[in-house]
Amino acid sequence: DTAVSQTPKYLVTQMGNDKSIKCEQNLGHDTMYWYKQDSKKFLKIMFSYNNKELIINETVPNRFSPKSPDKAHLNLHINSLELGDSAVYFCASSLDPGIGNTIYFGEGSWLTVV
Amino acid sequence: AQSVTQLDSHVSVSEGTPVLLRCNYSSSYSPSLFWYVQHPNKGLQLLLKYTSAATLVKGINGFEAEFKKSETSFHLTKPSAHMSDAAEYFCVVRTSYNTDKLIFGTGTRLQVFP
């Protein structure tokens, strides 16, 4: 069983479109995240939610809007896609924000904006 | 501020020889440290973590790392490399200042030659 699953895995879309990436975790965790990996493989946090409440918004453009309908889901909606949004987006979860807790990552969603 | 420096962007070894991937961290607070591995077009998998217990940490697939506070290092080692170890490795710090955020290093690409 996949612990953190995200769909779609690959997405190619045109500039200006709106797209969503869905994420679900079946680990019973309270905290979920979105991370972005750029073309140089650098990973940086975008958002963090704990019990459906936004905890971290790491200066991400407001074209990116996360939505957490329940603790097990954290979806990422992107409006007016730009070329620079091309990246790999990773969903992740942890039991809670505790410092020693492991963060489990999904397989990633490869977004290409053309 | 917290940061992580991976000293080598690429490491090449022959199969059966030791692996050393170097990581230094900077943190004003007590850190937890992690090593994640990313195989091509795959998600991030946790190799091991240090959370203020034993300073020598054993992980999966024969990897281990030693936390050295005096040197602010957390180098990853393996006695004998396998071809399947070829991947990107990320050193990650999570501090008690902001436990909800992982700070990633820039990654080290490990190549294993037959």
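That block above? That's the structure.
Residues numbered from 1 in each chain as written. Chains lettered and ligands numbered in written order. Predicted model: local features only at pLDDT ≥ 70, side-chain atom pairs only at ≥ 80, totals over all residues. Heavy atoms only, no water.

Caption draft 1: Region of the structure containing the overall build of chain A. What chain A contains, in helices and strands, is 0 helices and 11 strands. Since a compact globule built from 114 residues should have a radius of gyration of about 13 Å, the 13 Å found for chain A is in line with a globular shape. In chain A, buried positions account for 45% of the 114 residues. When the accessible surface of chain A is split by element, carbon and sulfur atoms take 50% of a total near 5500 Å². (Helix = DSSP H or I, 4+ residues; strand = E, 2+ residues; numbered from the N terminus. Rg over C-alpha atoms; globule rule 2.2 N^0.38 Å. Buried < 20%, exposed > 50% of the residue type's maximum accessible area, 1.4 Å probe, protein only. Areas by Shrake-Rupley, 256 points an atom, 1.4 Å probe, with all protein chains shown as cover.)

Caption draft 2: Representation of the overall build of chain B in the model. Regarding its fold elements, chain B presents 0 helices and 12 strands. Expected size for 114 residues packed as a compact globule is a radius of gyration near 13 Å; at 13 Å, chain B falls within 12% of this value. Within the span of chain B, comprising 114 residues, buried residues form 44% of the whole. Restricting the contact set of chain B to residue pairs at least 6 apart, pairs at least 24 apart contribute 57%. Carbon and sulfur atoms form 50% of the exposed surface of chain B, whose accessible area is close to 5300 Å². Looking at chain B, you have 10 positive and 8 negative side-chain charges, and the mean spots of the two groups are 6 Å apart. (Contact = heavy atoms within 4.5 Å. Lys, Arg positive; Asp, Glu negative; His and termini not counted. Charge placed at Lys NZ, Arg CZ, Asp CG, Glu CD.)

Caption draft 3: Structural detail: the pattern of salt bridges. According to the stated counting rule, one finds 8 salt bridges over all chains in the structure shown. A salt bridge links Arg63 of chain A to Glu82 of chain A, with the nearest nitrogen and oxygen atoms 3.5 Å apart. You can see Arg63 of chain A sitting in the loop between strand S6 (53-57) and strand S7 (64-70) and its partner Glu82 of chain A sitting in the loop between strand S8 (73-78) and strand S9 (87-94), a full 19 residues away along the chain. Of the residues examined, Arg63 of chain A reaches a relative accessible area of 14% and is grouped as buried. Owing to a relative accessible area of 42%, Glu82 of chain A belongs among the partly exposed residues under this scheme. Between Asp8 of chain B and Arg22 of chain B there is a salt bridge, with its nearest N and O atoms 3.0 Å apart. Placement of Asp8 of chain B in the loop between strand S1 (3-6) and strand S2 (10-14) and of Arg22 of chain B in the loop between strand S3 (19-21) and strand S4 (23-26) is noted, with a sequence separation of 14 residues between them. Each of the salt bridges in this network shares a partner with another, and the network as a whole consists of Arg63, Glu82 and Asp85 of chain A. (Salt bridge = Lys/Arg side-chain N within 4 Å of Asp/Glu carboxyl O.)

Caption draft 4: Expanded view of the interface of chain A and chain B. On the side of chain B, 26 residues touch chain A, which itself brings 28 residues to the contact. Each partner contributes to the roughly 2100 Å² buried at the junction of chain A and chain B, and carbon and sulfur atoms together form 54% of this total. Considering only the side of chain A, the residues that lose the most area to chain B are Leu43, Ile99 and Phe105 of chain A, jointly responsible for 28% of the buried surface there. There are 1 salt bridge connecting chain A and chain B. In this structure, Lys101 of chain B engages Glu58 of chain A in a salt bridge whose closest nitrogen and oxygen atoms are separated by 3.0 Å. Linking chain A with chain B are 8 residue pairs in polar contact (both at pLDDT 80 or more). Of all the secondary structure elements, the ones that give two or more residues to the side of chain A that touches chain B are strand S4 (31-37), strand S5 (43-50), S6 and S9 of chain A. Among the elements that make up the side of chain A that touches chain B, the one with the highest residue count is S4 of chain A (4 residues). Across the side of chain A that touches chain B, the residue classes tally to 14 nonpolar, 9 polar and 5 charged. (Buried area = accessible area lost by both parts, 1.4 Å probe. Polar contact = N/O pair within 3.5 Å; in protein donor to acceptor, adjacent residues only side chain to side chain. Nonpolar A, V, L, I, M, F, W, Y, C, P; charged D, E, K, R; others polar.)

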